[in-house]
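Inside the fold
These are the residues of each chain, in order.
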Amino acid sequence: MKFAVVVFPGSNCDKDLLWAVKDLMGAEASFVSHTTTDLSAFDGVLLPGGFSYGDYLRCGAIARFSNVMKEVTRFAEEGKPVFGTCNGFQILTEAGLLPGTLLRNESLNFICKKVALKVVNANTNFTSEYSQDEIIHLPIAHGEGNYYCDEETLAQLKANQQIVFEYKENINGSVANIAGITNEKGNVLGMMPHPERAMESLLGSEDGRLFFASMIKNFGKVTN
Amino acid sequence: MYFVKVFVTYKPSVLDPQGEAVKGAIHQLGYESIQDVRIGKYFELKVQSSQEPVETVVEALCDQLLANVNMETYRYEIIEMEEEA
């Protein structure tokens, strides 16, 4: 399985993602530029955290119009895996690949800490290596991670089991404690926490490993 | 040529934490009469006359880029200008 790590102007977690999947998980992976128009050589796309286009206008709003996003949309429509963390999640909502949007944290504080999450749905191709309702610890680092959607959308998310991760304590004001969701088909996942920063116990947690292990195991089979 | 002012704000149902913080500061200044503060974005556009009505262009732009209609609403004012020489 070969991953593309998309680099936007302002991405700053791209190297962490590449290091996580390539150096630690042993998958093939390489950087691709936001100007790329062809992702056919890849089996999975990873959108990193950071501040694409300086977060001007709204987080992710301008990145959504970069060349690569047309191709990411096509890629997603083919049922191939797309994962966005933090700013990557914001880009996926702005692009309409995931429902809802991310607002400024209710406290207005930029929050940078390790948080406890519940794996609400371990029956996805991104989370199958976790146990259902397992509590894991991943770091967050965001100012605009307050997930918002209207009641109708929330009802759909619940009915389709698209809510994958919930904060144990609601740290940023998110609707229904939502930390991560998938699209209806289950091949696009966005989350505010950073699994790629929780890969070694030396750095505080290695709970992110099973996330990438799930992706490689499940999607690797589908596409290889 | 048109001069267009676009105002984008959160929908009334969406909490505006920046507005709440500024309201707190206003109250600290003693202006208790200020009941509510909402913070939004303001855009100034110069739009050349074309076959498409200017309202259509501005609304398309707001829906696609200037506002995220999941959480924001927008309104705009259109002022007709004399063509620049």
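Read on for an overview of the structure. Being a predicted model, the structure only gives us computed values, none of them experimental.

Parameters and conventions
Note on numbering: residues in each chain are counted from 1, in written sequence order. Chain A is the first chain written and ligand 1 is the first ligand written, with later ones labelled in order. Given that this is a predicted model, residues contribute local features only at a pLDDT of at least 70 and side-chain atom pairs are listed and counted only at 80 or more, while totals for whole chains, interfaces and linings are drawn from all residues. Excluded from the side-chain calculations are hydrogens and water; all other atoms, namely the structure's heavy atoms, are used. We call two residues in contact when some of their heavy atoms are within 4.5 Å. By buried area we mean how much accessible surface two parts lose on assembly, using a 1.4 Å probe and totalling the loss over both. Salt bridges are counted wherever a side-chain nitrogen of Lys or Arg sits within 4 Å of a carboxyl oxygen of Asp or Glu. Nitrogen and oxygen atoms within 3.5 Å of one another constitute a polar contact, given that in protein one can donate a hydrogen and the other can accept it, and given that sequence-neighbouring residues count only through two side-chain atoms. The nonpolar class holds Ala, Val, Leu, Ile, Met, Phe, Trp, Tyr, Cys and Pro. Asp, Glu, Lys and Arg form the charged class, and all remaining residues, Gly among them, are polar. Between any two strands, at least two bridges found by DSSP are needed for them to pair. Strands are runs of DSSP state E lasting at least two residues, helices are runs of H or I lasting at least four, and both sets are numbered from the N terminus onward. Axis geometry follows a simple rule: fit a line to the C-alpha atoms, using only the stretch in contact for helices, then measure angles between N-to-C directions, giving values from 0 to 180 degrees. Remark: exposure states derive from per-residue accessible area (1.4 Å probe, protein chains only) relative to the maximum for the residue type, with buried under 20%, exposed over 50%, and partly exposed in between. Convention used here: a crossover is right-handed provided that the path from the first strand, over the helix, to the second strand proceeds clockwise when the strands point away from the viewer.

**Points about the interface of chain A and chain B**
Taken together, the contacts link 14 residues of chain A with 17 residues of chain B. Approximately 1,300 Å² of surface area, both sides summed, lies buried where chain A meets chain B, with 62% of it carried by carbon and sulfur atoms. Considering only the surface of chain A that becomes buried against chain B, L57(A), R58(A) and Y148(A) emerge as the three largest contributors, covering 41% of it. The interface formed by chain A and chain B contains 1 salt bridge. For the pair chain A and chain B, the number of links is 6 residue pairs in polar contact (both at pLDDT 80 or more). Each residue belonging to the side of chain A that touches chain B can be placed in one class, and the counts come to 6 nonpolar, 3 polar and 5 charged.

**Brief notes about the sheet that holds strand β2 (residues 40-47) of chain B**
Residues and elements named next belong to chain B. Here 3 strands make up an open sheet; going across it, the order is β2-β1-β3 and the pairing antiparallel. Strands at the two margins of the open sheet, each flanked by one partner only, are β2 and β3 (72-80). Each neighbouring strand pair of the sheet contributes to a mean axis angle of 15°, computed without reference to strand direction. Where strand β1 (residues 2-10) lies against β3, 9 bridges are found, and the strand directions are antiparallel. Within β3, the residue paired with Y10 across the bridge is E72. Helix α2 (residues 54-66) rests against β1, β2 and β3 of the sheet, and its axis sits at about 150° to β3.

**With respect to the environment of V4(B)**
Positionally, V4(B) belongs in strand β1. Once you skip the residues sitting within four places of it in the chain, V4(B) turns out to touch F43(B), E44(B), L45(B), V47(B), V54(B), V58(B), Y76(B), E77(B) and I78(B).

**So, the pairing of strand β4 (residues 82-85) of chain A**
All names here are of chain A. The alternating pattern of β4 places V82 and G84 on one face and F83 and T85 on the opposite face, and all of these are buried. Where strand β3 (residues 44-47) lies against β4, 3 bridges are found, and the strand directions are parallel. Among the inter-strand pairings, L46 is bridged to a residue of β4, identified as F83. Note that the unit made of β3, helix α2 (residues 67-77) and β4 has a crossover that is right-handed. In this sheet, strand β11 (residues 188-191) lies alongside β4 in parallel orientation, the contact comprising 4 bridges. The partner of T85 across the bridge, within β11, is M191.

Distances and angles like these do not, on their own, reveal function.
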